[in-house]
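Okay, here's what each chain looks like letter by letter:
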Amino acid sequence: MNSYIRGIGYYVPEEVLTNQYFESYLDTSDEWITQRTGIKERRRAAPDENTSDLGKRAAEIAIKNAGIDVSEVELIICATATPDTLFPSASCVIGHKLGIGGVPAFDLAAGCTGFVYALSVADAFVRSGAYKNVLVIGAEILTRIIDPMDRSTCVLFGDGAGAAVVSATEEDRGILGFKLHADGGYGNLLYLPARGTAMELTEEVIRKRLHYTKMKGNELFKIAVREMGSVAVELLDELGVDKSQVDWLVPHQANIRIINALAKRLNLPMDKVVVNIEKYGNTSAASIPIALGEAVEDGRIKRGDLVLMVAFGAGLTWGALLLKW
Ligand code: COA
């Protein structure tokens with residue numbers, strides 16, 4: 001039994017924040033942001049929108065594209081670092097909003113690598129025969145945990161969601177393999193000090209802005225370039241697939257310079273790389289399913305194509321997954 005993505009969908013909130021928006025109140029420029037990151041704009045969720053709302057919208061599209069009824073979903077996994085609340089989990093809320101209470105649901109926290117981790121979990125459940133249709137979601141509202149006054153982070157991140165229905169098939173297609181890694185020793189390079197149990201949310205904590213994400217971008221950049229390349233090569237070698245056989249690279253969208261370096265390491269021309277960072281910035285666990293969803297929707301990714309996903313994120317976590325579309 002193989003597992004494959006039977007349907008994919010994505011949703012991004014309507015409000016667009018351009019680089020000019022940040023120029024209007026911060027010491028930054030469209031030129032700096034574009035050259036250093038490749039980002040031109042990103043989306044921001046409306047005040048009454050929560051992560052579960054974005055996830056639900058993406059899930060509905062994925063379910064429709066899979067051609068199944070919502071009642072056929074047997075498990076929900078939501079990869080997110082920004083659930084509506086610490087508990088209940090975003091996946092439980094999404095299940096309720098989809099009207100499928102009773103279906104098992106859990107969140108998965110692996111930072112920007114979350115969707116790749118979640119796909120690998122779904123693959124294991126489907127291959128074991130436990131479930132036939134698993135709804136995998138990556139959904140984030142990062143703009144609520146980023147300091148709007150910190151120019152080194154607020155220009156990078158955006159909100160959005162992507163979802164996939166992972167189903168069982170006996171056909172020769174689907175997830176071929178994955179490689180996952182994590183190293184908590186690098187945790188302090190990208191973290192949210194407060195809002196968890198480590199630090200009570202006091203007035204002083206808020207005054208020190210410790211309820212916002214802290215990042216050492218420069219150090220992360222170097223590790224991302226090194227580890228994303230290594231894990232991709234490690235996976236391809238293990239599967240006996242040559243780099244030249246990869247039809248599409250769908251990388252996590254954190255920085256165009258990281259994506260360029262990864263493509264170079266894999267000897268892939270940029271016309272085989274799915275890039276949408278200019279429109280959405282870094283949407284963390286949502287970035288790969290949004291990019292995949294767009295490339296499937298516009299016909300770039302076709303049945304039989306070899307698609308390589310490579311991600312990197314807070315934890316630190318990193319991983320790669322190869323599938324035959
Ligand atoms: N506008 C203008 N200047 C900015 C700025 C902004 N938005 N953000 C930072 N700068 C400044 C810095 O203050 C620094 O100034 P200084 O030299 O006077 O101290 C200068 O630009 C260079 O900063 P540096 O951090 O070395 O730049 P960089 O080339 O590494 O680019 C990132 C910064 C964040 C774009 C880049 O490091 C990156 O993308 N890292 C990976 C981050 C990431 O992917 N995080 C998520 C992982 S999933």
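The structure we're discussing is the one just above.
Residues numbered from 1 in each chain as written. Predicted model: local features only at pLDDT ≥ 70, side-chain atom pairs only at ≥ 80, totals over all residues. Heavy atoms only, no water.

Asker: How should I be thinking about the packing of helix α8 (residues 217–239) against helix α9 (residues 256–265) in this particular structure?
Answerer: In a packed pair of helices, the relevant descriptors are the angle between the two axes and the axis-to-axis distance. Running from N to C, α8 and α9 point in directions that differ by 35°, and their axes come no closer than 9 Å. α8 and α9 meet at a crossing whose hand is right-handed. When α8 is examined against α9, the residues F221, A224, V225, R226, M228, G229, S230 and V233 are found in contact with a partner set consisting of R257, I258, A261, L262 and R265. Along the lines of polarity and charge, the residues of the contact of α8 with α9 split into 8 nonpolar, 2 polar and 3 charged. (Axes fitted to C-alpha atoms, helices over the stretch in contact; angles between N-to-C directions. Helix = DSSP H or I, 4+ residues; strand = E, 2+ residues; numbered from the N terminus. Left-handed = near helix turned anticlockwise from the far one by under 90°. Contact = heavy atoms within 4.5 Å. Nonpolar A, V, L, I, M, F, W, Y, C, P; charged D, E, K, R; others polar.)

Asker: Even after reading the chapter, I still don't get the pattern of salt bridges, so can you show me in this structure?
Answerer: Side chains that differ in charge, positive against negative, can pair when their charged atoms come close. The tally for this structure, following the rule as stated, stands at 16 salt bridges. Here D172 ties to K324 by a salt bridge, and the two come within 3.0 Å at their closest N and O atoms. Highlighted residues: D172 in the loop between β7 (159–169) and β8 (174–182) and K324 in strand β13 (residues 317–324), separated in sequence by 152 residues. You can call D172 exposed: its relative accessible area is 59%. Across the salt bridge formed by E294 and K279, the nearest N and O atoms sit 3.0 Å from each other. Here E294 is found in helix α11 (residues 287–297), whereas its partner K279 is found in helix α10 (residues 277–280), with 15 residues between them in sequence. Owing to a relative accessible area of 9%, E294 belongs among the buried residues under this scheme. (Salt bridge = Lys/Arg side-chain N within 4 Å of Asp/Glu carboxyl O. Buried < 20%, exposed > 50% of the residue type's maximum accessible area, 1.4 Å probe, protein only.)

Asker: Can you walk me through the side chain of T28 in this structure?
Answerer: Along the polypeptide, T28 turns up in the loop between α1 (19–23) and α2 (30–37). With near-sequence residues (within four places) excluded, T28 lies in contact with F22, E23 and I33.

Asker: For this particular structure, what's the right way to read the packing of aromatic side chains?
Answerer: Two aromatic rings, taken as a pair, are described by how far apart their centres are and by the angle between their planes. Applying the stated rule across the entire model yields 4 aromatic pairs. Both rings, one in Y21 and one in Y25, keep their centres 5.5 Å apart while their planes meet at 65°; by these two values the pair is edge-to-face. A residue is classified by how much of its surface remains accessible, and Y21, at 30% relative accessible area, is partly exposed. A relative accessible area of 30% places Y25 in the partly exposed class. Both rings, one in F22 and one in Y25, keep their centres 6.2 Å apart while their planes meet at 40°; by these two values the pair is tilted. On the basis of relative accessibility, which here comes to 3%, the residue F22 falls in the buried class. One aromatic cluster is present, formed by Y21, F22 and Y25 through successive ring pairs. (Phe/Tyr/Trp six-rings, centres within 6.5 Å; stacked < 30°, edge-to-face > 60°.)

Asker: Hey, could you run me through the nonpolar core in this one?
Answerer: The tendency in soluble globular proteins is for nonpolar side chains to be buried side by side. Counting 43 residues, the largest nonpolar core has L249, L266, L308, V310 and F312 as its most contacted members. Looking at this core, the elements with two or more residues in it are α8, α9, β12 (306–313) and β13. At 8 residues, the largest contribution of residues to this core is made by α8. Ignoring anything within four residues of it in the chain, the contact list for L249 reads L262, A263, L266, L268, K272, V273, V274, L308 and V310. Ranked by size, the runner-up nonpolar core spans 34 residues in total, among them I288, I301, M309 and A311. (Core = buried A, V, L, I, M, F, W, Y, C linked by side-chain atoms within 4.5 Å.)

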